[in-house]
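As a plain string of letters, each chain reads:
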Amino acid sequence: YKYLEYYKLKLSGEWFFPLTTDKKLVLRTRVGFGLMGAYNNSKGLSPFDRFYLGGSGLTGVNQIGGREVIALRGYEDGTISASAGDPLAAKYTMELRYPISLNPSATFFVLAFAEGGNSYPNFRYFNPINLKRSVGAGIRVFLPMFGMLGIDYGFGFDKLDPWAQGRG
């Protein structure tokens, strides 16, 4: 792979909406899209820096091959994407959060989430509503010394696409 040429575009947004008058119950919504393309179609897409979707996002190998690991709770790590990664990705998240303790030295809150996302091998298969859906719950602890810590349990509903590495 001599003189790889590609571009990568990412668009994301995140919003918080208080649902109660005391502003403790909060709806957090997120949306994200990613696109990787080639400047020179005769060279094709780079095998590096592709999107890997699924799991916790904590695989620890996101630096190998320039992988961009995108978490999708409820599925195993990287199973939604092709084994070599995919150049297109879409992900949507909704979380309901409620604080257990707002103490500044240790903030605790519980959450319930619904997520949907997918990665696609090319534009022919791209469909932003062809999603792998999941729901679950979790807890977060913010400790100033360590930052945000948490654990989630998710359940994925949908069958994987034929190009996904976690298929059958």
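For the structure itself, consult the block above.
Residues numbered from 1 in each chain as written. Predicted model: local features only at pLDDT ≥ 70, side-chain atom pairs only at ≥ 80, totals over all residues. Heavy atoms only, no water.

### Section: the packing of aromatic side chains
Under the defined criterion, the tally for this structure stands at five aromatic pairs. Ring centres 5.7 Å apart and planes at 80° place the aromatic pair Phe33 and Tyr92 in the edge-to-face group. With a gap of 59 residues between them, Phe33 in strand β2 (residues 26-37) and Tyr92 in strand β5 (residues 88-101) connect regions that are remote in the sequence. With 5.1 Å between their ring centres and 80° between their planes, Tyr120 and Phe126 make a pair best called edge-to-face. (Phe/Tyr/Trp six-rings, centres within 6.5 Å; stacked < 30°, edge-to-face > 60°. Helix = DSSP H or I, 4+ residues; strand = E, 2+ residues; numbered from the N terminus.)

### As for the sheet that holds strand β1 (residues 7-18)
A sheet is described by the order of its strands in space; here six strands give the open sequence β1-β2-β5-β6-β7-β8, paired in antiparallel fashion. The strands lining the two open edges of the sheet, one partner per strand, are β1 and β8 (147-156). Strand after strand, the sheet turns through a mean of 20° between neighbouring axes, direction not considered. Here β1 runs beside β2; their pairing, made up of twelve bridges, is antiparallel. Bridging across to β2, Phe16 finds its partner in Arg28. (Pairing = 2+ DSSP bridges. Axes fitted to C-alpha atoms, helices over the stretch in contact; angles between N-to-C directions.)

### Focus: a nonpolar patch on the surface
A cluster of nonpolar side chains, namely Trp15, Phe17, Leu19 and Leu96, defines an oily patch on the protein surface of about 390 Å² accessible area. Residue classification places Trp15 among the partly exposed residues on the basis of a relative accessible area of 43%. (Patch = residues over 30% accessible without salt bridge, like charges linked within 9 Å, V, L, I, M, F, W, Y side chains within 5 Å. Areas by Shrake-Rupley, 256 points an atom, 1.4 Å probe, with all protein chains shown as cover. Salt bridge = Lys/Arg side-chain N within 4 Å of Asp/Glu carboxyl O. Buried < 20%, exposed > 50% of the residue type's maximum accessible area, 1.4 Å probe, protein only.)

### Here's the deal with the pattern of salt bridges
The final tally for this structure, using the stated rule, is 14 salt bridges. Among the ionic pairs, Asp49 bridges to Lys8, the shortest N-O distance being 3.3 Å. In this pair, Asp49 is assigned in the loop between β2 and β3 (51-53) and Lys8 in strand β1, connecting sequence segments 41 residues apart. Residue Lys8 is classed as partly exposed on the basis of its relative accessible area, which comes to 23%.

### A short note on the pairing of β2
Across ten bridges, the pairing between β2 and β5 is antiparallel. In the strand pairing of β5, Phe33 is matched with Ala90.

### Overview of the layout of surface pockets
Approximately 500 Å³ is the volume found for the largest pocket. Lining of the largest pocket is provided by 22 residues; of these, Ser56, Leu58, Arg73, Arg140 and Asp152 occupy positions nearest its centre. For the lining of the largest pocket, the secondary structure elements donating two or more residues are β2, β5 and β8. Within the lining of the largest pocket, the residues separate by chemical class into six nonpolar, five polar and eleven charged. Space inside the second largest pocket adds up to approximately 420 Å³. Lining of the second largest pocket is provided by 21 residues; of these, Ser12, Gly32, Glu68, Ile70 and Lys91 occupy positions nearest its centre. Residues belonging to the lining of the second largest pocket are distributed by class as follows: ten nonpolar, six polar and five charged. (1 Å grid on protein atoms, 1.4 Å probe; cavity = no way out; pocket = protein on both sides within 12 Å on 5 of 7 lines; lining within 4 Å. Points joined across faces, edges and corners; volume = space filled by probe spheres on them. Nonpolar A, V, L, I, M, F, W, Y, C, P; charged D, E, K, R; others polar.)

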